[in-house]
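Reading the structure
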Amino acid sequence: MPSPRAPRSPQSKQNGKQRDAFFDNAKYLAIVLVAMGHAWEPLKGDSRLLEAVYQVVYTFHMPAFIIISGFFSRSFDMRPDRLKRLITGVAVPYLVFETAYPLFKRVIDGDSHQEISLLDPWYLTWFLCALFIWRLTTPVWKLVRHPLPLALGLAMVASAAPEIGDDLDLQRVLQFLPFFVLGLSMRPEHFHRVRRRSVRIASVPVFALALAASWWAVPRMNTAWFYHRDAAQELGAPWWTGPVMVLALFGCSLVLTACFFAWVPRRSMWFTALGAGTLYGYLLHGFLVKAGDYRGWFESAWFHHPLGQVAVTAAAAAAVTLLCTKPVQRVFRFAMEPRMEWAFKRDAAELAREREQREKREGAAREKVSA
């Protein structure tokens, strides 16, 4: 049985706090799957098996990431320092990359008509928009009696309401909301339960069954259901299928996410430190995928054969791994984690703490001199 206390990485520290190797490992592996999935998009139409693998991965990779995001948002409140981190770590990167991606398309694709809209998240930036909204509403979810059923209800209503439109990608915000709320409701022991040996063993036939079911469903089901960005009517389905699919996919996602967590290593690995840079890998790898799309790299016949698809998969994993490294973080920290001290007032409590610490240091220095 695992220890009731979350496992700690003995050598990994950030901001004076030890990081949990399990969560860093999970974030890294999830972001690798995200990059692979994006690299498969131009190729999956030629292979029923690749499309089936794509659907299975899309069932759990973002839910896993969102559950972890919710879990680490449990302490969020409207305290000034946390609001500041929300702005600098989520809102500012959204503004930067929501501008950068359309400009990139203008330059690389020669599309001078590509508009820049801060209200219509472009490609990968929807997650930052959603995370900002989810985290701001965290105090509400901590207040209500039954947060998860309420979040599921909102997701079901959204899936049958095309009137919501595309502003701020609210369909995705609402349809993925239950995973964030679930993460808020979880405790460390919940992650320990899915990492038992029995769950790891059971996950193997579960994934095999999921792949077989997905292979069967490829010609019978619209893959867009897994994106959670459209209402049922927009997918050519009757309105009532939206709530049904939300519940069905939520259940499937939870099962496969649990199986994924079961195989995430608990100890520090060679890639554990990369878990702290997954936002960099997430936002930057899209430029490589889009460049390949704009320049026609994926049109080569070789990439549409099994060996070529394996090569694209390996290249995507290697590229996103590189983009999570410390050197890349140092280069792009100005956009991802800007300090922006000039933009904020100093918090009175923070000033008081600094003054107290300074007085303690001065007192210790005086005692040392007098001694």
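As shown above, the structure is provided for reference.
Here the structure is a predicted model, which means the values were calculated and not measured.

What to know about helix 6 (residues 147-158)
Between the first and last C-alpha of helix 6 there are 17 Å, a value that for 12 residues agrees with the 16 Å anticipated at 1.5 Å per step. Those residues of helix 6 that sit buried are Pro-147, Ala-151, Leu-152, Ala-155 and Ala-158. In an axial view of helix 6, the angular spread of the buried residues amounts to 130 degrees, which keeps them on one side of the axis. In helix 6, the exposed positions that point more than 90 degrees away from the buried face belong to Pro-149 and Val-157. Buried residues belonging to helix 6 abut helix 5 (138-143), helix 7 (170-175), helix 8 (177-185) and helix 11 (241-262).

Section: empty space enclosed by the protein
Summed over the entire model, instances satisfying the criterion amount to 3 cavities of 30 Å³ or more. One number sums up the size of the largest cavity: a volume of about 70 Å³. Lining the largest cavity, in full, are Ser-159, Gln-175, Ala-224, Trp-225, His-228, Arg-229, Asp-230, Leu-235, Gly-242, Met-245, Val-246 and Leu-249. The residue inventory of the lining of the largest cavity, partitioned by class, reads 6 nonpolar, 4 polar and 2 charged.

What about the packing of aromatic side chains?
Inspection of every chain in the model, using the stated rule, returns 34 aromatic pairs. Here the aromatic rings of Phe-22 and Phe-23 are separated by 5.1 Å at their centres, their planes lie at 75 degrees, and the arrangement is edge-to-face. A centroid spacing of 6.1 Å and a plane angle of 45 degrees characterise the contact between Phe-97 and Phe-287, whose relative ring orientation is tilted. Of this pair, Phe-97 sits in helix 3 (residues 80-108) while Phe-287 is found in helix 12 (residues 278-295), placing the two residues 190 residues apart along the sequence. When sorted by exposure, Phe-97 lands in the same class as Phe-287, which is buried. Through successive ring pairs, a cluster of aromatic residues spans Phe-22, Phe-23, Phe-60, Phe-71, Phe-72, Phe-191, Phe-207, Phe-260 and Phe-261. The cationic tip of Lys-290 hangs over the ring face of Tyr-123; the distance from NZ or CZ to the ring centre is 4.4 Å.

Some thoughts on the nonpolar core
In terms of nonpolar packing, the biggest core is built from 93 residues, with Ile-66, Trp-126, Phe-127, Trp-134 and Phe-261 touching the most fellow members. In this structure, Trp-126 is in contact with Met-62, Ile-66, Pro-121, Trp-134, Asp-169, Arg-172, Phe-176 and Tyr-282, ignoring residues within four places of it in sequence.

Rules used in this analysis
- Residues numbered from 1 in each chain as written.
- Predicted model: local features only at pLDDT ≥ 70, side-chain atom pairs only at ≥ 80, totals over all residues.
- Heavy atoms only, no water.
- Helix = DSSP H or I, 4+ residues; strand = E, 2+ residues; numbered from the N terminus.
- Expected span 1.5 Å × (residues − 1).
- Buried < 20%, exposed > 50% of the residue type's maximum accessible area, 1.4 Å probe, protein only.
- Arc of directions from axis to C-beta.
- Contact = heavy atoms within 4.5 Å.
- 1 Å grid on protein atoms, 1.4 Å probe; cavity = no way out; pocket = protein on both sides within 12 Å on 5 of 7 lines; lining within 4 Å.
- Points joined across faces, edges and corners; volume = space filled by probe spheres on them.
- Nonpolar A, V, L, I, M, F, W, Y, C, P; charged D, E, K, R; others polar.
- Phe/Tyr/Trp six-rings, centres within 6.5 Å; stacked < 30°, edge-to-face > 60°.
- Lys NZ or Arg CZ within 6 Å of the ring centre and 35° of its normal.
- Core = buried A, V, L, I, M, F, W, Y, C linked by side-chain atoms within 4.5 Å.

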